[in-house]
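Observations on chain architecture
Here's the letter readout for the chains.
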Protein chains: 4
Amino acid sequence: MNAPSFLKRLVGSVVPSERRRSHRRARQAMDLFQALLSERGEVSGALVARDALAAYNSLPKPALPSFYDALAAEFSPNREELDAAYNAYHADPSQENLIRLQRCVEAPRQELFRRFNTTPGGTAALVAMRRDMVAGLKTHPEWKGIDADLEHLFGSWFNRGFLTLERIDWYTPAVVLEKLIEYEAVHEIAGWDDLRRRLAADRRCFAFFHPALPHEPLIFIEVAFTKGMSAAIEPLLAPDAPQIDPQSADTAIFYSITNCQTGLRGISFGNLLIKQVAQRLGQEFPRIKTFATLSPIPGFRSWLRGIGTQLKDLPGGAAQLDALARIENPDWHKDEANAERVRKVLIPYAAYYLAHAKQDREAADPVARFHLGNGARLERLNWLADTSKRGMQQSAGLMVNYLYRLDEVESNHETYVREQKVSMSRDIRRFAAECALATSVDVTAGD
Amino acid sequence: MNAPSFLKRLVGSVVPSERRRSHRRARQAMDLFQALLSERGEVSGALVARDALAAYNSLPKPALPSFYDALAAEFSPNREELDAAYNAYHADPSQENLIRLQRCVEAPRQELFRRFNTTPGGTAALVAMRRDMVAGLKTHPEWKGIDADLEHLFGSWFNRGFLTLERIDWYTPAVVLEKLIEYEAVHEIAGWDDLRRRLAADRRCFAFFHPALPHEPLIFIEVAFTKGMSAAIEPLLAPDAPQIDPQSADTAIFYSITNCQTGLRGISFGNLLIKQVAQRLGQEFPRIKTFATLSPIPGFRSWLRGIGTQLKDLPGGAAQLDALARIENPDWHKDEANAERVRKVLIPYAAYYLAHAKQDREAADPVARFHLGNGARLERLNWLADTSKRGMQQSAGLMVNYLYRLDEVESNHETYVREQKVSMSRDIRRFAAECALATSVDVTAGD
Amino acid sequence: MNAPSFLKRLVGSVVPSERRRSHRRARQAMDLFQALLSERGEVSGALVARDALAAYNSLPKPALPSFYDALAAEFSPNREELDAAYNAYHADPSQENLIRLQRCVEAPRQELFRRFNTTPGGTAALVAMRRDMVAGLKTHPEWKGIDADLEHLFGSWFNRGFLTLERIDWYTPAVVLEKLIEYEAVHEIAGWDDLRRRLAADRRCFAFFHPALPHEPLIFIEVAFTKGMSAAIEPLLAPDAPQIDPQSADTAIFYSITNCQTGLRGISFGNLLIKQVAQRLGQEFPRIKTFATLSPIPGFRSWLRGIGTQLKDLPGGAAQLDALARIENPDWHKDEANAERVRKVLIPYAAYYLAHAKQDREAADPVARFHLGNGARLERLNWLADTSKRGMQQSAGLMVNYLYRLDEVESNHETYVREQKVSMSRDIRRFAAECALATSVDVTAGD
Amino acid sequence: MNAPSFLKRLVGSVVPSERRRSHRRARQAMDLFQALLSERGEVSGALVARDALAAYNSLPKPALPSFYDALAAEFSPNREELDAAYNAYHADPSQENLIRLQRCVEAPRQELFRRFNTTPGGTAALVAMRRDMVAGLKTHPEWKGIDADLEHLFGSWFNRGFLTLERIDWYTPAVVLEKLIEYEAVHEIAGWDDLRRRLAADRRCFAFFHPALPHEPLIFIEVAFTKGMSAAIEPLLAPDAPQIDPQSADTAIFYSITNCQTGLRGISFGNLLIKQVAQRLGQEFPRIKTFATLSPIPGFRSWLRGIGTQLKDLPGGAAQLDALARIENPDWHKDEANAERVRKVLIPYAAYYLAHAKQDREAADPVARFHLGNGARLERLNWLADTSKRGMQQSAGLMVNYLYRLDEVESNHETYVREQKVSMSRDIRRFAAECALATSVDVTAGD
């Protein structure tokens with residue numbers, strides 16, 4: 001690098017110029033944002049907001065960091081006013097002084113975003129802005145304030161009271177349906193034929209929508225009506241899976257739940273969605289008595305790797321380690337005898353992991369954390385239930401049914417939140433007790 | 001009070017018991033609000049919110065003050081945390097410290113209200129809560145913090161970007177129409193027949209709605225299509241006013257604009273409403289070239305009373321005072337000769353009042369303040385334009401047309417906001433210059 | 001009239017000239033109708049239909065008879081073609097010959113009406129045309145062909161399969177609600193407040209609509225939720241009647257059913273309406289077990305007058321006649337003792353009239369004919385149940401509950417249609433048997 | 001066939017038994033239809049109609065002919081009544097006698113179908129019934145009466161006044177969109193991506209719907225916004241065709257129009273559809289001045305084959321025949337020189353064919369017949385405009401623009417209908433005059 005070639009120099013001179021151009025574009029957009037905040041009239045404000053939206057939406061990708069830098073730097077609270085307000089409040093904690101302090105502490109960015117939001121398409125642009133911005137948050141910790149302001153606003157705007165729960169089926173506009181195909185995160189939708197099967201008469205799909213983001217699902221859940229609790233995912237996903245008469249079903253399996261908007265990270269919708277859908281289906285189909293998920297155990301295998309050293313020292317641990325090592329071979333499950341040997345060892349570990357492994361006092365597995373926090377009960381482990389590549393890599397092919405008993409979710413939730421006690425079936429409890437790690441903790445207590 | 005009668009003692013013993021009962025009811029409701037805030041799970045939270053809503057909605061009127069007292073007292077920021085957060089921020093004004101400070105400064109009431117809002121009907125209950133609470137604000141300044149928190153939330157929730165502009169006509173559900181009858185503040189609607197006339201083919205009515213308050217207009221405006229600019233209100237309000245073909249009209253008269261929700265005080269909707277309606281009508285009826293109001297001058301007569309002493313000392317002031325005194329007789333306008341004498345004196349004062357009288361650098365008349373701030377122009381004074389009781393008492397029967405020229409509102413607004421200069425017609429300027437008060441100010445400059 | 005005055009001669013000369021003008025207007029409209037029928041292209045046809053509609057709608061009332069005359073005279077089948085088609089069919093009854101005969105027999109008016117209907121507003125105009133035309137049918141029997149053609153078309157167009165059953169409540173557009181007020185034929189609606197009571201939470205109102213007549217109810221039914229079967233109409237109609245919780249009701253009372261469109265005379269909607277509404281309410285409110293009407297007996301008193309001579313000769317008839325004569329005094333029911341004496345005589349006659357009086361093998365009372373034909377059962381007679389003027393004049397203040405048992409209507413209907421046997425309660429049967437007329441017929445048989 | 005094998009005998013014995021089973025099923029369904037017609041009550045009628053619908057819908061395909069046979073045989077008019085009614089009318093052609101005759105001539109099947117239609121799904125089943133039935137009409141001429149009755153009813157039910165024109169785009173429910181893919185008859189839609197391109201911002205799609213057949217387009221038309229009149233179809237159909245800003249377009253090209261329902265054969269919708277869509281687009285996009293089709297000439301090559309003998313005898317005919325023979329080679333257009341030679345000969349024949357070839361006084365080409373009858377003008381021939389297999393086989397790769405000038409369609413239509421004169425551009429006229437066949441007719445006159 002001592003002697004830059006002509007080309008390198010050329011590139012060197014080009015890049016800065018491009019950077020300058022990006023920077024200039026970002027600056028122009030920012031000027032409109034500044035104008036928006038200083039505007040006093042609502043009528044002119046609406047015009048400026050419209051222009052600011054257009055300017056932001058047409059920013060090229062390379063210009064975004066400059067824009068976020070300016071957004072982070074230029075809308076902080078006024079320190080002098082803040083100090084004065086705090087001192088006044090400190091001296092006399094009156095209502096007026098508190099209100100004044102609250103106003104001075106709020107970043108002017110919040111008012112900026114509220115004004116920006118007045119223009120049609122503003123909400124969508126702000127959600128997209130946060131999505132793009134958080135992608136760079138790790139390398140730009142200075143943007144944290146923007147993130148906090150947007151999260152605070154979104155928490156207010158996307159309040160559950162403003163959301164509508166809508167059924168999605170084959171009568172739904174295509175513009176919404178194509179988003180299911182795009183967003184589905186758990187079990188990919190292969191195309192329109194696949195989608196149509198998932199919206200057939202023995203299936204249900206529900207989503208939350210916000211009035212300012214029409215045709216944009218915030219979160220959606222997929223349900224299959226079955227006879228008995230599903231023990232494997234493939235039969236549900238097969239495009240040519242035979243349809244059953246929904247009136248003959250006794251079980252509703254929630255087999256996929258997808259958060260659609262990265263820009264709404266931190267605003268939770270999922271907890272209520274499951275319960276509301278279960279209630280609604282229970283009313284429409286009184287014969288359906290069982291509401292359960294068919295869920296992966298995404299943290300299982302990486303947890304398994306982490307306990308290796310601990311295992312070695314346990315009695316019989318070496319043999320178990322040896323059995324567990326077999327699953328490193330991607331085809332381990334295809335040989336029946338081999339699979340059976342693995343099963344005997346693996347199931348207790350999976351039960352133990354789900355029932356007892358913790359992270360910050362909560363269940364270690366993220367999916368378990370979600371459902372147990374909702375008040376569900378750990379019901380059944382299903383062997384070779386998801387042999388897809390991801391299923392094998394993360395969950396060792398296992399899936400679990402979390403059971404939602406509407407009359408128990410409240411108390412399960414309470415117990416889980418207050419005492420970190422997990423509600424589970426007798427089988428799961430027994431399997432977990434068989435695990436070699438179980439001796440170190442008291443797994444029998446607290447039934 | 002030394003020797004309370006038996007009755008007094010009786011009352012004394014009764015009232016406390018009623019007060020105690022009210023207080024107990026308020027306390028019970030408040031306990032649910034406290035539970036709502038401390039609840040960690042969303043599912044249980046939804047149930048608690050529902051119960052809290054029911055408890056609040058069933059509070060008897062006498063219990064409300066106790067409830068608001070508790071609401072004011074029990075949800076303040078934690079002072080120690082606040083101090084610590086401030087000190088940390090003061091020492092190191094990092095993003096993290098600012099975010100922490102912002103969180104500590106926010107009254108927990110805001111989170112409480114956000115949770116309360118998740119239950120169906122929550123938004124409506126909160127708007128009603130503020131309406132009831134502000135009615136007692138003067139005697140209960142300690143409730144100001146509640147008011148500030150609700151106003152802050154509503155400012156976010158009722159952002160223009162979340163409102164829809166809807167036409168209201170005879171095809172609108174009765175549940176909405178009856179609210180027009182109930183709310184109309186400017187020119188009372190006498191009943192369904194009166195309303196039907198105001199929604200006929202040569203009229204328009206538009207309102208802003210919020211998705212969480214279906215069937216509840218937030219603000220509505222009434223428009224009449226006319227040939228030429230209306231000079232009096234009665235012909236517009238008469239239930240048997242002849243209809244004209246809207247295609248033959250050249251003018252749209254905005255003759256009434258009503259804010260419906262006291263609970264949304266301070267959240268302004270009106271500015272944009274007029275302009276959006278004007279744009280929409282301009283597109284639908286290209287022949288309509290004039291958009292104007294027919295407005296009262298509600299502050300005129302009380303201002304007139306206030307300038308009496310000042311007038312006395314002006315040359316010719318006494319004679320004018322004498323003429324102005326005639327309008328104290330409620331029937332002054334019924335004698336033509338008398339009315340004519342009054343007219344000559346009154347018009348210049350009205351023009352002067354609208355054009356030059358100020359309060360805090362803004363137009364003294366509240367209606368003028370609203371329209372001039374919107375960028376409208378003071379166009380024409382109309383003599384004996386509203387001889388209703390209120391019209392005579394407040395505006396001395398005068399009405400004014402504010403003209404909205406879509407290509408001028410921006411610059412009018414700018415000039416008004418920056419330089420407090422009022423845009424006005426040549427006639428108004430001339431009348432104002434004729435006013436005896438005009439010598440003291442420079443009314444010719446700034447054209 | 002021998003020597004007509006100047007004025008009379010003047011009037012004489014004026015009237016013909018007016019008549020001529022009307023005739024000319026009718027002729028002009030008819031020319032457009034003729035053009036419409038002879039038009040071969042659909043595009044031009046649509047224009048001509050629009051013009052024909054405008055011409056017809058602007059015809060002054062006096063011009064209508066001339067127009068109907070032309071409509072009757074000018075669109076008859078071509079006799080020569082008809083004769084030829086018949087002869088061909090008579091000689092060879094082939095499909096082709098039958099089809100040809102069917103075409104030749106159809107009046108060209110039908111094709112004319114079908115073309116007229118293609119233009120927006122056409123359906124409404126045709127329904128109005130029949131309404132206006134049938135009003136003069138008695139004096140213009142030559143218009144019967146028009147009536148038959150329109151009835152035939154309407155029977156096809158207003159097929160039940162094309163109608164929608166819609167609930168009407170306070171969320172319904174005012175343009176529909178005002179039509180309820182206008183049309184209600186059984187128990188007049190006094191205004192919007194009265195209407196609101198009838199649409200409250202413990203009431204239901206349903207109507208059939210046709211897609212081509214939006215906002216025009218074809219028939220509507222009013223239902224009250226009650227505890228026990230209503231025995232009088234006033235408590236249901238009182239605008240300040242206390243509301244009950246619909247979940248606490250065990251009975252749905254159909255207290256009014258109104259055909260709205262005279263122009264659709266002969267096309268029946270009512271039979272299905274009651275049953276569909278009963279089914280729908282039964283699903284929504286499982287606790288409601290009783291579906292019944294509260295109906296007048298409009299033919300009762302005129303029938304009573306008709307049997308006078310017959311009565312005189314029966315044993316005890318004179319005394320009964322004497323008792324019955326009391327109801328000629330409009331205030332007969334206000335004296336309790338008097339009313340009681342009347343009751344004893346009147347009830348058996350009313351029961352007999354409803355249960356056994358026939359006209360053309362069907363129930364003599366028109367309301368009984370309707371409900372019994374629908375499969376309802378004669379359940380209970382209610383004394384002094386409708387003391388309104390009309391109630392006293394037609395039904396002697398009596399009202400009857402017809403009971404709709406969903407599992408019996410089929411068989412009741414069958415028995416009534418095939419054997420003219422009326423389904424009735426034990427009480428009604430007993431009362432009818434007590435009637436003096438009952439000895440002449442066998443009222444006990446056929447149970 | 002003299003000595004039937006065992007197998008044949010077996011089959012012989014099997015088939016009749018299957019036939020018998022089909023026949024029995026058809027008979028059972030027909031019994032319900034008979035019951036439906038004889039039913040007197042509407043309430044029971046509705047139940048019978050529901051059962052009849054279910055019975056018909058579950059008939060296996062082989063049972064349908066038996067069912068149609070019964071439908072043809074058992075619902076004819078009563079001959080004796082018909083004769084009596086005719087004789088009465090013949091003797092006295094009064095209104096009453098005519099009405100009676102009309103009733104006796106109508107096949108009871110019509111009333112049967114009207115009753116069948118009252119049940120939900122009835123209309124769809126009848127439209128499907130006609131679709132299935134007409135497929136066998138050639139071999140079953142005895143079903144013509146059924147066809148005539150259904151066509152008569154459908155002509156009444158699907159009157160233009162009952163249809164709604166709806167835009168179809170990406171916001172339309174998938175259940176409708178998949179039908180476009182299924183039905184598109186002119187230019188096949190390859191799948192959802194292809195469909196999405198055809199519904200993009202620079203395209204429009206409109207369809208007629210009937211309220212009783214929700215989600216079932218009756219006919220739809222596809223439009224592309226272009227700059228200048230399209231000369232070839234491939235650029236419009238390519239899934240990756242670049243999008244243009246609709247505001248920049250000056251032309252709307254109707255490139256596909258599809259009748260969806262075989263069961264509605266004979267009920268025309270297309271004529272009005274094009275004109276209504278053109279009017280609507282003209283209002284929304286005032287810059288679009290040209291409305292034209294891009295249409296195949298499906299009858300061209302078969303007509304060309306038919307004139308061979310006639311050509312041979314014309315001067316120069318042999319040489320032309322030789323040139324025309326080249327197009328029998330499927331790749332003729334791929335050699336430029338060859339194609340150019342063909343072009344010179346082919347274009348005049350195509351112009352002549354479109355402008356002058358007749359069949360029953362109308363244009364010989366079915367697409368020309370449709371558009372010319374609508375009042376369009378033959379505007380431009382486009383060379384190698386559709387090189388798809390079908391395009392080459394039917395139209396020799398040629399396509400034609402029919403121009404819809406809204407202010408001319410009326411007069412064009414009139415001239416075409418009355419005088420069979422085709423409106424055409426100067427170029428088409430010139431090309432047609434160059435055709436060898438042109439000497440035999442006077443092609444220059446009448447302009």
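All values reported here derive from a predicted model rather than from experimental measurement. (Residues numbered from 1 in each chain as written. Chains lettered and ligands numbered in written order. Predicted model: local features only at pLDDT ≥ 70, side-chain atom pairs only at ≥ 80, totals over all residues. Heavy atoms only, no water.)

**Here's the deal with the overall build of chain A**
Short version of the rule: By the criteria applied, helices consist of DSSP H or I runs no shorter than four residues and strands consist of E runs no shorter than two, each listed in order from the N terminus. In what follows, a contact means two residues having at least one pair of non-hydrogen atoms within 4.5 Å. Residue-level accessible areas treat just the shown protein chains as cover; the underlying method is Shrake-Rupley with a 1.4 Å probe. The charge count includes Lys and Arg as positive and Asp and Glu as negative, but it does not include His or the ends of the chains. All charge positions are set by atom: Lys at NZ, Arg at CZ, Asp at CG, Glu at CD.
Tallying secondary structure elements over chain A gives 20 helices and nine strands in all. With the C-alpha coordinates of chain A rotated into their principal frame, the extents come out at 70 × 65 × 55 Å. Long-range contacts, defined as pairs at least 24 residues apart, comprise 72% of the intrachain contacts of chain A with a sequence gap of at least 6. For chain A, the computed accessible surface area is about 20,200 Å², with 52% contributed by carbon and sulfur atoms. Averaging the locations of the 56 positively and 56 negatively charged side chains of chain A gives two centres separated by 3 Å.

**Re the arrangement of the chains**
With no contact formed, the shortest span from any C-alpha in chain A to any C-alpha in chain C equals 12 Å. Of all C-alpha pairs spanning chain B and chain D, none lies closer than 12 Å, and the two are not in contact.

**Section: the pattern of salt bridges**
Rule in force here: Every case where a carboxyl oxygen of Asp or Glu lies within 4 Å of a side-chain nitrogen of Lys or Arg is listed as a salt bridge. Burial classes follow relative accessibility: with a 1.4 Å probe on protein chains only, a residue under 20% of its type's maximum area counts as buried, one over 50% as exposed, and anything between as partly exposed.
Counted according to the given criterion, the structure contains 116 salt bridges over all chains. Close ionic contact of Glu96(A) with Lys144(B) constitutes a salt bridge, the shortest N to O distance being 2.6 Å. On the criterion of chain membership, the pair formed by Glu96(A) in helix H5 (residues 95-105) and Lys144(B) in helix H8 (residues 144-157) is interchain, its members lying in two chains. Classification of Glu96(A) by relative accessible area gives partly exposed; the value is 38%. The partner of Asp169(A) in a salt bridge is Arg167(A), and the shortest N-O contact between them spans 3.7 Å. Using a relative accessible area of 15% as the deciding quantity, one classes Asp169(A) as buried. What makes Arg167(A) partly exposed here is its relative accessible area of 32%.

**Things to note about the interface of chain D and chain C**
Cut-off, in case you're wondering: By convention, the term buried area covers the 1.4 Å-probe accessible surface removed from two parts as they join, with the contributions of both added. Each residue is assigned to one class: nonpolar for Ala, Val, Leu, Ile, Met, Phe, Trp, Tyr, Cys and Pro, charged for Asp, Glu, Lys and Arg, and polar for all the others, Gly among them.
Contact with chain D, which involves 58 residues of that partner, is made by 60 residues of chain C. At the boundary of chain D with chain C, total buried surface from both sides reaches about 5,000 Å², with 55% on carbon and sulfur atoms. The tally of links from chain D across to chain C stands at two salt bridges. Listed by contribution, the elements that provide at least two residues to the side of chain D that touches chain C are helix H2 (42-57), helix H4 (79-91), helix H5 (95-105), helix H8 (144-157), helix H12 (270-284) and helix H19 (409-419) of chain D. A class-by-class count of the residues in the side of chain D that touches chain C yields 23 nonpolar, 19 polar and 16 charged.

**Points about empty space enclosed by the protein**
Rolled over the atoms, a probe sized like a water molecule indicates the empty space that remains. Filter applied, for reference: Lining residues are those with an atom within 4 Å of a point, where the points come from a 1 Å grid over the protein atoms alone and group into cavities, where a 1.4 Å probe fits but cannot get out, or pockets, open sets with protein on both sides within 12 Å along at least five of seven lines. Grid points are joined across faces, edges and corners, and a volume is the space filled by probe spheres set on the points.
On inspection of all chains with the given rule, the structure shows four cavities of 30 Å³ or more. The space that makes up the largest cavity amounts to roughly 60 Å³. The wall of the largest cavity is formed by Trp157(C), Phe162(C), His210(C), Pro211(C), Ala212(C), Trp157(D), Phe162(D), His210(D) and Pro211(D). Considered class by class, the residues forming the lining of the largest cavity number seven nonpolar, two polar and no charged.

**A look at the confidence of the model for chain A**
Where we set the bar: The pLDDT value tells you how sure the predictor is about a given residue, anywhere from 0 up to 100.
Averaged over all residues, the pLDDT of chain A equals 90, while 94% of them reach at least 70. Scored as a whole, the predicted complex attains pTM 0.90, and scored at its interfaces, ipTM 0.87.

**Brief notes about the side chain of Gln261(C)**
Residue and element names in this part refer to chain C. For the record, the criterion: Contacts described as polar in this section are N or O atom pairs within 3.5 Å, which, within protein, must combine one atom able to donate a hydrogen with one able to accept it, while residues neighboring in sequence count only if both atoms come from side chains.
Among the structural elements, Gln 261 can be located in the loop between strand E4 (251-259) and helix H12 (270-284). Overall, the relative accessible area of 15% leaves Gln 261 in the buried class. At 3.0 Å, the side chain of Gln 261 and the backbone oxygen of Pro 217 are in polar contact. Residues contacting Gln 261, with those up to four places away along its chain left out, are Val 127, Tyr 183, Glu 216, Pro 217 and Leu 218.

**Considering the relation of the copies chain A and chain B**
How we decide: Here the copies are superposed with least squares, the fitted atoms being C-alpha atoms of residues at a pLDDT of at least 70 in both.
Rotating chain A by 180° about the axis while translating it 0.0 Å along that axis superimposes it on chain B, leaving an RMSD of 0.1 Å. In short, the pair behaves as if placed about a two-fold rotation axis. Across chain A, the smallest distance between a C-alpha and the rotation axis is recorded for Trp157(A), namely 3.0 Å. A share of 98% of the interface residues of chain A reappears at the interface of chain B, consistent with the copies meeting face to face through the same patch.

**Focus: the interface of chain A and chain B**
With 60 residues of chain A at the contact, the number on the chain B side is 59 residues. A combined buried area of about 5,000 Å² lies between chain A and chain B, and 55% of that area is made up of carbon and sulfur atoms. Taken together, the connections running from chain A to chain B amount to two salt bridges. Across the contact surface, chain A and chain B share 16 residue pairs in polar contact (both at pLDDT 80 or more). Those elements that provide at least two residues to the side of chain A that touches chain B are helix H2 (42-57), helix H4 (79-91), H5, helix H8 (144-157), helix H12 (270-284) and helix H19 (409-419) of chain A. For the side of chain A that touches chain B, the leading source of residues is H8(A), giving ten residues. Split into classes, the residues belonging to the side of chain A that touches chain B amount to 25 nonpolar, 19 polar and 16 charged.

**Observations regarding the relation of the copies chain D and chain C**
If you rotate chain D by 180° and push it 0.0 Å along the axis, it lands on chain C with an RMSD of 0.1 Å. Interface overlap between copies: 100% of the residues of chain D at the interface are likewise at the interface in chain C, consistent with a symmetric, same-surface contact.

**Let's talk about the domain arrangement of chain A**
All names here are of chain A. Put simply, the test is: Where each domain starts and ends comes from a domain assignment, either automatic or drawn from a database.
Domain annotation for chain A reports domain 1 (14-157), domain 2 (161-293) and domain 3 (300-434). Centre-to-centre, using C-alpha coordinates, domain 1 lies 36 Å away from domain 2. Counting from both sides, the interface comprises 13 residues of domain 1 and, opposite them, eleven residues of domain 2. Together, Val 127, Arg 130 and Trp 157 form the three largest contributors to the area buried by domain 1 at its contact with domain 2, with a combined 40%.

**Looking at the environment of Gln310(B)**
All names here are of chain B. Inspection of the secondary structure assignment puts Gln 310 in helix H14 (residues 308-312). The class of Gln 310 is partly exposed, set by a relative accessible area of 44%. C-alpha separation for the pair Gln 310 and Leu 437, spaced 127 residues apart in sequence, amounts to 8.7 Å.

**Comments concerning helix H3 (residues 64-73) of chain A**
Burial of H3(A) is extensive: seven of the ten residues sit out of reach of the surface. Buried within H3(A) are the following residues: Leu64(A), Ser66(A), Phe67(A), Tyr68(A), Ala70(A), Leu71(A) and Ala72(A).

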